[in-house]
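This is what each chain is made of:
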Amino acid sequence: MSTATTPPTARPRRGLPVVRQLKQAVGLQRGMLVAGLVLTGVFLLTAALADLLAPYGYNQLRDADGPFGAQQSPSGEHWLGTTVGGYDVLSRVIYGTRTALAVIVVAIVLSIFIGVLLGLLSGYFGGWLDRVLVVIADAVYAFPTLLLAIVMAIVISGGQSGLWSGIFAAAISITVIYIPQYFRVIRAETVRIKAEAYVESAKVIGASHWRIMTRHVLRNATRTLPLILTLNASEAILTLAGLGFLGFGIEPTSGAEWGFDLNRALSDVTSGIWWTSIFPGVAIVWVVLGLTLVGESLNDLADPRLRSRRAADAGETGEVTVVPGGPLGAGPGGLAGIEETR
Amino acid sequence: MTTTSTELTGEPAAVPEAAPPTRRRRGGGGLGSYIAVRFLLIFPTIFILVTSVFFLMRTTGDPITAALGGRLGPEELAERVAAAGYDRPLLTQYVEYLGQLIRLDFGTTLSTNQPVTEVLADFGTATLELAVYALVVALLIGIPLGRFAAYARDRWPDAVLRVFAILCYATPVFFAGMILKLIFTSGLGWLPANGRASTRSEILIQTSVDNPTGIYLIDAIKTGNGEVVRDVLEHAVLPAVALGLLTAGVFLRLVRTNVIGTLGMGYVEAARSRGVSERRLLRKHAYRPALIPIITVIGLQVALLLGGAVLTETTFEWRGLGFQLSEYLQARDFVAVQGLVVLLAVVVAVTNFVVDVIAALIDPRVRY
């Protein structure tokens, strides 16, 4: 990652991040981006309209005609059947979007806020604080995320919980895992940017540290954030589902959570009951797939070596760095590449 | 990151890892000191994790109340807590805990009253076996497909493979495992659903093998009974595929991106201009250097595999560390959970060290 030749200034004002990329993308990449946006859009709409879409409540066990019954196969009454606990599968899948969305939002907001702040301080001031934070971030980073999430879930909720405490337990567990990622990316960018001439100019003028950090450094350090954000959102869902599967989920009476439902469906599978597991599972895959497709496409579009050109396939005609600062730090390796950037 | 920040801040070496100006040839001393420094870095990593896990777990209160609270009367509970020393100041307990760790004592489980190290000895091999199978599956699927995707770049096979790779990542292991079970166990009836071997084979292994390694495949081969080997392998297929697919997607993507990257390098262009065939360019010139990062990533995958193993083992009742961990979680035995988590942290830290050293041995550019 050579940064010597890139002029950091003269950067055209860009539109909304995703819209710009949508215009830039061609062919296959456009298809993937559009597919990802559609999947994500359906997820968001479902979460917003859950009350209208779901035929029953997520914890409803009976209606006017009596109890639903357990493990009923899909029928006109229950399109996707009922679970071993006697809940309507479709309704729980639909309401599960709300839990998922809430966890994503809380986790991302918290980890961005803390991670960016720490990364900025650490990269800007350097010194012992920087070293300590880097070592801690590396230590947390190297740890299996699920195990860390388990520890955090025990700490926060003691294992079992209602809807909002469950959401916060999952979200905070995830936050702890992702802070190091934001920290690393922002810190690396900050270290690079603070050596730029315009930061020096700002210092000479007498701008305060805070002003330089927020106006000069932060604004230029955030270009990789949308990418990490989508990827972390998808990992948040997977972690939430993993926690739920291990029994650290939200109680079925207080909220719908797909991982927990899958845990309950585990024994159904051996007796050939497929509808209790397939539908919540597909819901998880749907959301993660949508978010990952968006993130992946953004990654490829930001990396000139991977971007398909609008012009006739030019092979590799030199490095045309469109993104200021050279190719994205997350270069080789796509998703995994981000993790390699040290 | 080559620009020096020293003249700006007046603070030398503000960025410890980005200090290339000091690089000098020191007649081969580079590797040795790199390994030494890298080795020393293990300790702060483990220390930080141990410390945070200890204090985090204690914020919930003591483990005995967590495990038995509600089941015992208050006096009896207080007695048990005092007997285990959980009523002393937290710092005293912490220092004592560190002392135990140095003597490799990771605690004793509350629910089964078994040292955690013993749990590791009993169940670690099962997890190791599963992880190795999964890694083999992942490499067998990921590398050839990744190379093919790079070869077919931007054509439909590439699109299919990339979506496949993302699907691998997007599917939670336990869901993949459940689908596999639905198809191959309850649907087709080809493969067993749970466990590491049938009870008959397990008894056979225990009775006829002198020093069982705990790795069932090796033990099964030792029995010399073809049926047992077959049985053990049949049990391994579904868990290995479920966990392997998770990582296969990562390898596929990595190989694809790296091969595309190296295909654009000057030396490949030079070889092309010399008339080297496209097939050979892909196979020799672009493919080989693209494999180097795989080694580093295998190291990163160890953490992912261990996390995945917890879920996979629970799905398939594969009696390894992960399965035990989820049992302890159900039993709210937080001493055991803490012990296992810390133990796994050590495993991960040491593996990462080994992988970094291997990467440094293979590729001199890694060292700094």
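Predicted, not measured: the structure shown is a model, and the values here were computed from it. (Residues numbered from 1 in each chain as written. Chains lettered and ligands numbered in written order. Predicted model: local features only at pLDDT ≥ 70, side-chain atom pairs only at ≥ 80, totals over all residues. Heavy atoms only, no water.)

## Structural notes on the overall build of chain B
Line of reasoning, step 1. Summing up its helical and strand segments, chain B has 15 helices and 0 strands in all.
Line of reasoning, step 2. Each of the 368 residues in chain B was classed as buried or not, and the buried ones make up 48%.
Line of reasoning, step 3. Put simply, 70% of the contacts in chain B that link residues at least 6 apart link residues at least 24 apart.
Line of reasoning, step 4. Surface exposure of chain B reaches about 17,600 Å², of which carbon and sulfur atoms provide 63%. (Helix = DSSP H or I, 4+ residues; strand = E, 2+ residues; numbered from the N terminus. Buried < 20%, exposed > 50% of the residue type's maximum accessible area, 1.4 Å probe, protein only. Contact = heavy atoms within 4.5 Å. Areas by Shrake-Rupley, 256 points an atom, 1.4 Å probe, with all protein chains shown as cover.)

## Comments concerning the overall build of chain A
Line of reasoning, step 1. Along the backbone of chain A there are 13 helices and 2 strands.
Line of reasoning, step 2. The 342 residues of chain A split such that 56% are buried.
Line of reasoning, step 3. Long-range contacts, defined as pairs at least 24 residues apart, comprise 73% of the intrachain contacts of chain A with a sequence gap of at least 6.
Line of reasoning, step 4. Carbon and sulfur atoms form 66% of the exposed surface of chain A, whose accessible area is close to 13,600 Å².

## Some thoughts on the packing of helix α14 (residues 321-330) of chain B against helix α15 (residues 334-362) of chain B
All names here are of chain B.
Line of reasoning, step 1. Taken N-terminus to C-terminus, the directions of α14 and α15 make an angle of 150°; their axes are 9 Å apart at the nearest point. Here α14 lies roughly antiparallel to α15, going by the angle between them. Crossing handedness for the pair α14 and α15: left-handed. Along the contact surface, α14 presents Leu321, Leu325, Tyr328 and Leu329, while α15 presents Ala336, Val337, Leu340 and Leu344.
Line of reasoning, step 2. Along the lines of polarity and charge, the residues of the contact of α14 with α15 split into 8 nonpolar, no polar and no charged. (Axes fitted to C-alpha atoms, helices over the stretch in contact; angles between N-to-C directions. Parallel < 35°, antiparallel > 145°, perpendicular 65-115°, else oblique. Left-handed = near helix turned anticlockwise from the far one by under 90°. Nonpolar A, V, L, I, M, F, W, Y, C, P; charged D, E, K, R; others polar.)

## Quick word on the pattern of salt bridges
Residue and element names in this part refer to chain B.
Line of reasoning, step 1. Scanning the model with the defined rule gives 5 salt bridges over all chains in all.
Line of reasoning, step 2. Arg272 is paired through a salt bridge with Glu269; the nearest N and O atoms lie 3.2 Å apart. Here the residue Arg272 and the residue Glu269 both occupy positions in helix α12 (residues 266-273), the gap between them amounting to 3 residues, near one helical turn.
Line of reasoning, step 3. Of the residues examined, Arg272 reaches a relative accessible area of 30% and is grouped as partly exposed. (Salt bridge = Lys/Arg side-chain N within 4 Å of Asp/Glu carboxyl O.)

## A short note on the packing of helix α4 (residues 89-125) of chain A against helix α10 (residues 225-248) of chain A
All names here are of chain A.
Line of reasoning, step 1. With their axes 9 Å apart at the nearest point, α4 and α10 run at an angle of 130° to one another. In terms of their interaxial angle, α4 and α10 are classed as oblique. Between α4 and α10 the crossing geometry is right-handed. Across from Ala100, Val103, Ile104, Ile108, Ile112 and Val116 in α4, the residues of α10 making contact are Leu225, Leu229, Ala233, Ile237 and Leu240.
Line of reasoning, step 2. The class makeup of the residues in the contact of α4 with α10 is 11 nonpolar, no polar and no charged.

## Overview of a positive patch on the surface
Line of reasoning, step 1. A surface patch of like charges, here positive, comprises B:Arg279, B:Arg280, B:Arg283, B:Lys284 and B:Arg288.
Line of reasoning, step 2. In this structure, B:Lys284 sits in helix α13 (residues 278-316). (Patch = residues over 30% accessible without salt bridge, like charges linked within 9 Å, V, L, I, M, F, W, Y side chains within 5 Å. Lys, Arg positive; Asp, Glu negative; His and termini not counted. Charge placed at Lys NZ, Arg CZ, Asp CG, Glu CD.)

## Concerning helix α7 (residues 156-170) of chain B
Line of reasoning, step 1. With 15 residues, α7(B) ought to run about 21 Å at 1.5 Å a step, and its terminal C-alpha atoms sit 21 Å apart, in line with that.
Line of reasoning, step 2. Within α7(B), the full set of buried residues consists of B:Pro157, B:Asp158, B:Ala159, B:Leu161, B:Arg162, B:Ala165, B:Ile166, B:Cys168, B:Tyr169 and B:Ala170. (Expected span 1.5 Å × (residues − 1).)

## Here's the deal with the side chain of A:Arg92
Residues and elements named next belong to chain A.
Line of reasoning, step 1. Structurally, the position occupied by Arg92 is in helix α4.
Line of reasoning, step 2. A relative accessible area of 1% means that Arg92 is categorised as buried.
Line of reasoning, step 3. Among all residues touching Arg92, those that are not within four sequence positions of it are Tyr58, Tyr87, Pro252, Gly255, Ala256, Glu257, Trp258 and Asp261.

## A closer look at the environment of A:Val38
Residues and elements named next belong to chain A.
Line of reasoning, step 1. Tracing the chain through its elements places Val38 in helix α2 (residues 27-48).
Line of reasoning, step 2. Since its relative accessible area comes to 49%, Val38 is described here as partly exposed.
Line of reasoning, step 3. Through-space distance from the C-alpha of Val38 to that of Gly290 is 7.4 Å; in sequence the pair is 252 residues apart.

## Observations regarding the nonpolar core
Line of reasoning, step 1. Grouped together as the largest cluster of nonpolar side chains are 129 residues, with contacts concentrated most on A:Ile150, A:Ile154, A:Leu246, A:Trp258, A:Ile284, B:Leu243 and B:Val337.
Line of reasoning, step 2. Among the elements that take part in this core, α15(B) stands out by supplying 13 residues, more than any other.
Line of reasoning, step 3. Counting residues in each nonpolar core, the second largest holds 16 residues, with B:Ala150, B:Val255, B:Val259 and B:Leu282 among its members. (Core = buried A, V, L, I, M, F, W, Y, C linked by side-chain atoms within 4.5 Å.)

## Some remarks on the confidence of the model for chain B
Residue and element names in this part refer to chain B.
Line of reasoning, step 1. Taken over all residues, the pLDDT of chain B has a mean of 76, while the share at 70 or more is 88%.
Line of reasoning, step 2. Scored below 50 in pLDDT, residues 1-28 makes 27 contacts in the model with residues more than four places away or belonging to other chains.
Line of reasoning, step 3. Interface confidence for the predicted complex, given as ipTM, is 0.75, next to a pTM of 0.77. (pLDDT = per-residue confidence, 0-100.)

## Here we look at α4(A)
Line of reasoning, step 1. For α4(A), with 37 residues, the first-to-last C-alpha span of 53 Å sits near the 54 Å given by 1.5 Å per residue.
Line of reasoning, step 2. One or two positions beyond α4(A), positive phi appears at A:Gly126, with a value near 65°.

## A few points about the packing of aromatic side chains
Residues and elements named next belong to chain B.
Line of reasoning, step 1. Inspection of the entire model under this criterion finds 9 aromatic pairs over all chains.
Line of reasoning, step 2. Ring geometry for Phe54 versus Phe55: centroids 5.2 Å apart, planes at 90°, classification edge-to-face.
Line of reasoning, step 3. Through pairs of rings, three or more aromatic residues link up here, namely Phe54, Phe55, Tyr94 and Tyr97. (Phe/Tyr/Trp six-rings, centres within 6.5 Å; stacked < 30°, edge-to-face > 60°.)

## Thoughts on the side chain of B:Thr312
Line of reasoning, step 1. In this structure, B:Thr312 sits in helix α13.
Line of reasoning, step 2. What makes B:Thr312 buried here is its relative accessible area of 1%.

## A short note on the confidence of the model for chain A
Line of reasoning, step 1. The predicted model of chain A averages 72 in pLDDT, with 73% of residues at 70 or higher.
Line of reasoning, step 2. Predicted confidence is poor over residues 310-342 of chain A, with pLDDT under 50, and the contacts of this stretch with residues over four places away or in other chains come to 73 contacts.

## A look at unusual backbone geometry
Line of reasoning, step 1. Non-glycine residue B:Glu317 carries a positive phi angle of around 50°.
Line of reasoning, step 2. On the basis of relative accessibility, which here comes to 41%, the residue B:Glu317 falls in the partly exposed class.

## Some thoughts on the environment of B:Ile46
Residue and element names in this part refer to chain B.
Line of reasoning, step 1. Relative to the elements of secondary structure, Ile46 occurs in helix α2 (residues 29-59).
Line of reasoning, step 2. Sequence-wise, Ile46 and Ala349 are 303 residues apart; in three dimensions their C-alpha atoms are separated by 7.1 Å.
Line of reasoning, step 3. If near-sequence neighbours (up to four positions away) are discounted, Ile46 is found in contact with Val346 and Ala349.

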